[in-house]
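Take a look at the letters that make up each chain.
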Amino acid sequence: MINVKIIGIGGHSRSLVSNFHGDIIDIVGYYDDKGSNEEFLLGKIKFSGLFEAIDWNSKIVIGVGDNNKRSFFYEKMKVVAPTLVHQTAIINNSNINSGSQIFPKSYIGVNSIIGSNCIINTAAVIEHDSIISDNCHISVGTIICGNVHVGKNCFIGAGVVIKDSVTICDNVTIGAGSVVVSNINEAGTYIGCPVKKI
(Lines give C-alpha, C1' and ligand atoms only; values in the text may rest on other atoms or scores of the structure.)
Protein backbone atom coordinates (compact mmCIF):
# COMPACT_ATOMS: atom_id res chain seq x y z
CA MET A 1 0.00 0.00 0.00
CA ILE A 2 1.23 3.49 -0.87
CA ASN A 3 0.93 6.45 1.54
CA VAL A 4 -0.51 9.45 -0.32
CA LYS A 5 -2.18 12.78 0.27
CA ILE A 6 -5.26 13.73 -1.69
CA ILE A 7 -6.13 17.06 -3.32
CA GLY A 8 -9.73 18.17 -2.73
CA ILE A 9 -12.64 17.18 -0.51
CA GLY A 10 -15.50 17.28 -3.04
CA GLY A 11 -17.54 14.45 -4.52
CA HIS A 12 -14.76 12.93 -6.61
CA SER A 13 -12.35 13.00 -3.70
CA ARG A 14 -14.87 11.25 -1.44
CA SER A 15 -15.42 8.61 -4.16
CA LEU A 16 -11.66 8.00 -4.35
CA VAL A 17 -11.44 7.57 -0.61
CA SER A 18 -14.42 5.22 -0.40
CA ASN A 19 -13.16 3.05 -3.28
CA PHE A 20 -9.38 2.98 -2.79
CA HIS A 21 -8.42 4.03 0.78
CA GLY A 22 -7.12 1.11 2.80
CA ASP A 23 -6.97 -1.19 -0.21
CA ILE A 24 -4.55 0.24 -2.78
CA ILE A 25 -3.59 3.49 -1.06
CA ASP A 26 -3.44 4.80 2.48
CA ILE A 27 -4.57 8.43 2.44
CA VAL A 28 -2.67 10.15 5.22
CA GLY A 29 -3.75 13.75 4.58
CA TYR A 30 -5.65 16.12 2.32
CA TYR A 31 -5.25 19.58 0.80
CA ASP A 32 -8.15 21.91 0.08
CA ASP A 33 -8.52 25.68 -0.32
CA LYS A 34 -11.65 25.63 1.82
CA GLY A 35 -9.46 24.73 4.77
CA SER A 36 -9.93 22.01 7.36
CA ASN A 37 -13.19 20.07 7.24
CA GLU A 38 -13.78 17.90 10.30
CA GLU A 39 -16.68 16.21 8.53
CA PHE A 40 -14.42 14.90 5.74
CA LEU A 41 -14.49 11.17 6.46
CA LEU A 42 -15.50 11.92 10.04
CA GLY A 43 -12.14 13.56 10.68
CA LYS A 44 -10.19 10.33 10.05
CA ILE A 45 -7.90 11.96 7.49
CA LYS A 46 -5.69 14.82 8.62
CA PHE A 47 -5.88 18.28 7.02
CA SER A 48 -2.46 18.97 5.43
CA GLY A 49 -3.00 22.56 4.30
CA LEU A 50 -4.31 24.83 1.60
CA PHE A 51 -3.38 24.24 -2.05
CA GLU A 52 -0.43 26.61 -1.71
CA ALA A 53 1.09 24.23 0.88
CA ILE A 54 1.12 21.19 -1.42
CA ASP A 55 4.44 19.35 -1.43
CA TRP A 56 4.76 18.58 -5.17
CA ASN A 57 7.65 16.19 -4.41
CA SER A 58 5.39 13.82 -2.46
CA LYS A 59 2.93 11.12 -3.60
CA ILE A 60 -0.35 12.83 -4.40
CA VAL A 61 -3.70 11.63 -5.70
CA ILE A 62 -5.81 14.26 -7.44
CA GLY A 63 -9.36 14.06 -6.10
CA VAL A 64 -10.83 16.58 -8.53
CA GLY A 65 -13.25 15.65 -11.30
CA ASP A 66 -12.99 18.85 -13.35
CA ASN A 67 -10.55 18.28 -16.25
CA ASN A 68 -9.04 21.79 -16.22
CA LYS A 69 -8.37 21.80 -12.49
CA ARG A 70 -7.07 18.22 -12.55
CA SER A 71 -4.71 19.10 -15.42
CA PHE A 72 -3.44 22.17 -13.52
CA PHE A 73 -2.52 20.03 -10.50
CA TYR A 74 -1.09 17.18 -12.57
CA GLU A 75 1.31 19.48 -14.45
CA LYS A 76 2.76 20.71 -11.14
CA MET A 77 3.57 17.23 -9.84
CA LYS A 78 7.25 16.36 -9.63
CA VAL A 79 6.69 12.72 -8.65
CA VAL A 80 4.92 10.20 -10.88
CA ALA A 81 1.27 10.11 -9.83
CA PRO A 82 0.03 6.71 -8.70
CA THR A 83 -2.31 4.87 -11.06
CA LEU A 84 -5.36 3.49 -9.27
CA VAL A 85 -7.25 0.45 -10.56
CA HIS A 86 -10.14 -0.85 -8.47
CA GLN A 87 -10.07 -4.59 -7.77
CA THR A 88 -13.42 -5.11 -9.56
CA ALA A 89 -12.29 -3.38 -12.77
CA ILE A 90 -11.43 -5.66 -15.70
CA ILE A 91 -8.35 -4.65 -17.69
CA ASN A 92 -7.59 -6.88 -20.69
CA ASN A 93 -3.97 -6.50 -21.80
CA SER A 94 -4.21 -2.71 -22.03
CA ASN A 95 -1.94 0.19 -21.09
CA ILE A 96 -3.00 2.49 -18.22
CA ASN A 97 -0.74 5.54 -17.82
CA SER A 98 0.30 7.47 -14.69
CA GLY A 99 -2.23 9.23 -12.52
CA SER A 100 -5.25 7.58 -14.08
CA GLN A 101 -8.07 6.29 -11.90
CA ILE A 102 -10.09 3.23 -12.92
CA PHE A 103 -13.24 2.90 -10.82
CA PRO A 104 -15.27 -0.18 -9.83
CA LYS A 105 -16.84 -2.44 -12.46
CA SER A 106 -15.12 -0.63 -15.34
CA TYR A 107 -14.05 -2.66 -18.34
CA ILE A 108 -11.10 -1.84 -20.60
CA GLY A 109 -10.79 -4.07 -23.66
CA VAL A 110 -7.70 -5.60 -25.20
CA ASN A 111 -5.05 -3.34 -26.77
CA SER A 112 -6.65 -0.16 -25.44
CA ILE A 113 -4.61 2.77 -24.11
CA ILE A 114 -5.68 5.06 -21.27
CA GLY A 115 -3.62 8.26 -21.18
CA SER A 116 -2.23 10.01 -18.11
CA ASN A 117 -4.44 11.69 -15.51
CA CYS A 118 -7.72 10.16 -16.74
CA ILE A 119 -10.80 9.17 -14.80
CA ILE A 120 -12.60 6.05 -15.99
CA ASN A 121 -15.62 6.14 -13.75
CA THR A 122 -17.81 3.39 -12.34
CA ALA A 123 -19.09 0.77 -14.84
CA ALA A 124 -17.66 2.54 -17.89
CA VAL A 125 -16.91 0.25 -20.84
CA ILE A 126 -14.02 0.96 -23.21
CA GLU A 127 -13.80 -1.73 -25.84
CA HIS A 128 -10.81 -3.14 -27.74
CA ASP A 129 -8.19 -1.05 -29.55
CA SER A 130 -9.49 2.27 -28.21
CA ILE A 131 -7.38 5.25 -27.15
CA ILE A 132 -8.42 7.64 -24.40
CA SER A 133 -5.93 10.51 -24.53
CA ASP A 134 -4.50 12.40 -21.54
CA ASN A 135 -6.66 14.26 -19.05
CA CYS A 136 -10.06 12.81 -20.01
CA HIS A 137 -13.01 12.05 -17.76
CA ILE A 138 -15.15 9.13 -18.91
CA SER A 139 -18.28 9.24 -16.74
CA VAL A 140 -20.38 6.56 -15.09
CA GLY A 141 -21.92 3.96 -17.39
CA THR A 142 -20.42 5.27 -20.62
CA ILE A 143 -20.02 2.74 -23.45
CA ILE A 144 -17.16 3.32 -25.88
CA CYS A 145 -17.17 0.71 -28.64
CA GLY A 146 -14.04 -0.70 -30.27
CA ASN A 147 -11.38 1.27 -32.13
CA VAL A 148 -12.48 4.68 -30.81
CA HIS A 149 -10.01 7.54 -30.33
CA VAL A 150 -10.91 10.22 -27.77
CA GLY A 151 -8.65 13.30 -27.86
CA LYS A 152 -7.10 15.14 -24.92
CA ASN A 153 -9.10 17.04 -22.29
CA CYS A 154 -12.47 15.50 -23.17
CA PHE A 155 -15.39 15.02 -20.80
CA ILE A 156 -17.75 12.21 -21.77
CA GLY A 157 -20.97 12.44 -19.73
CA ALA A 158 -22.78 9.64 -17.92
CA GLY A 159 -24.40 7.01 -20.09
CA VAL A 160 -22.95 8.23 -23.39
CA VAL A 161 -22.63 5.67 -26.18
CA ILE A 162 -19.87 6.10 -28.79
CA LYS A 163 -20.11 3.93 -31.92
CA ASP A 164 -17.09 1.89 -33.01
CA SER A 165 -14.31 3.47 -35.11
CA VAL A 166 -15.21 7.07 -34.17
CA THR A 167 -12.58 9.77 -33.57
CA ILE A 168 -13.25 12.68 -31.20
CA CYS A 169 -10.87 15.65 -31.29
CA ASP A 170 -9.37 17.39 -28.23
CA ASN A 171 -11.42 19.56 -25.86
CA VAL A 172 -14.86 18.06 -26.44
CA THR A 173 -17.67 17.73 -23.90
CA ILE A 174 -20.45 15.25 -24.61
CA GLY A 175 -23.62 15.60 -22.54
CA ALA A 176 -25.08 12.75 -20.51
CA GLY A 177 -27.10 10.16 -22.39
CA SER A 178 -25.90 11.28 -25.82
CA VAL A 179 -25.06 9.00 -28.74
CA VAL A 180 -22.03 9.61 -30.99
CA VAL A 181 -22.25 7.90 -34.40
CA SER A 182 -19.68 9.87 -36.43
CA ASN A 183 -16.38 11.69 -35.97
CA ILE A 184 -16.27 14.97 -34.02
CA ASN A 185 -13.66 17.26 -35.58
CA GLU A 186 -14.36 20.53 -33.78
CA ALA A 187 -13.92 21.32 -30.07
CA GLY A 188 -17.06 22.22 -28.15
CA THR A 189 -20.09 20.81 -26.38
CA TYR A 190 -22.29 18.20 -28.01
CA ILE A 191 -25.62 16.70 -26.91
CA GLY A 192 -28.41 14.55 -28.29
CA CYS A 193 -29.04 11.37 -30.26
CA PRO A 194 -27.16 11.62 -32.51
CA VAL A 195 -25.07 14.41 -31.01
CA LYS A 196 -25.14 17.95 -32.35
CA LYS A 197 -22.92 20.85 -31.31
CA ILE A 198 -24.58 23.48 -29.12
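Each chain carries its own residue numbering, running from 1 in the direction its sequence is written. Where local features are concerned, this predicted model is filtered to residues with pLDDT of at least 70; where side-chain atom pairs are given and counted, the filter is 80 or more; whole-chain, interface and lining totals use all residues. The side-chain values count all of the structure's non-hydrogen atoms but skip hydrogen atoms and water molecules.

Turning to helix α1 (residues 11-20), a few remarks are in order. Between buried and exposed lies partly exposed: a residue is buried under 20% and exposed over 50% of the maximum accessible area for its type, with that area taken using a 1.4 Å probe on protein chains only. Helix numbering and strand numbering both begin at the N terminus, where a helix is a DSSP run of H or I of at least 4 residues and a strand a DSSP run of E of at least 2. Among the residues making up α1, those that are buried are H12, S13, L16, V17 and F20. Within α1, the buried residues cover an arc of 140° as seen down the axis, which keeps them to one side. Those residues of α1 that are buried lie in contact with β1 (2-7), β2 (25-31), β4 (60-62), β5 (84-85), β8 (101-102) and β11 (119-120). Phi turns positive one or two residues past the end of α1, at G22, with a value near 85°. What the arc covers is the set of directions going from the helix axis to the C-beta atoms. The criterion used for residue contact is that any of the two residues' heavy atoms lie within 4.5 Å.

Here the largest pocket defines a volume of roughly 160 Å³. Classification used: nonpolar for Ala, Val, Leu, Ile, Met, Phe, Trp, Tyr, Cys and Pro, charged for Asp, Glu, Lys and Arg, polar for all others including Gly. Grouping the constituent residues of the lining of the largest pocket by class yields 5 nonpolar, 7 polar and 2 charged. Computed over the protein atoms alone on a 1 Å grid, cavities are sets of points where a 1.4 Å probe fits but cannot get out and pockets are open sets with protein on both sides within 12 Å along at least five of seven lines; a residue lines them when it has an atom within 4 Å of a point. Grid points are joined across faces, edges and corners, and a volume is the space filled by probe spheres set on the points.

Let us look at the packing of aromatic side chains. We call Phe, Tyr and Trp rings a pair once their centres come within 6.5 Å, taking the six-membered ring for Trp, and we label the pair stacked below 30 degrees between planes, edge-to-face above 60, and tilted otherwise. Within the structure shown, the criterion is met by 5 aromatic pairs. Consider the rings of F51 and F73, whose centres lie 5.0 Å apart with planes at 65°: the pair is edge-to-face. Of the two residues, F51 is situated in the loop between β3 (47-49) and β4 and F73 in helix α2 (residues 67-76); the sequence distance between them amounts to 22 residues. Judged by centre distance (5.5 Å) and plane angle (65°), the ring pair of F72 and F73 falls under edge-to-face. By way of ring pairs, the aromatic residues F51, W56, F72 and F73 are connected into one cluster.

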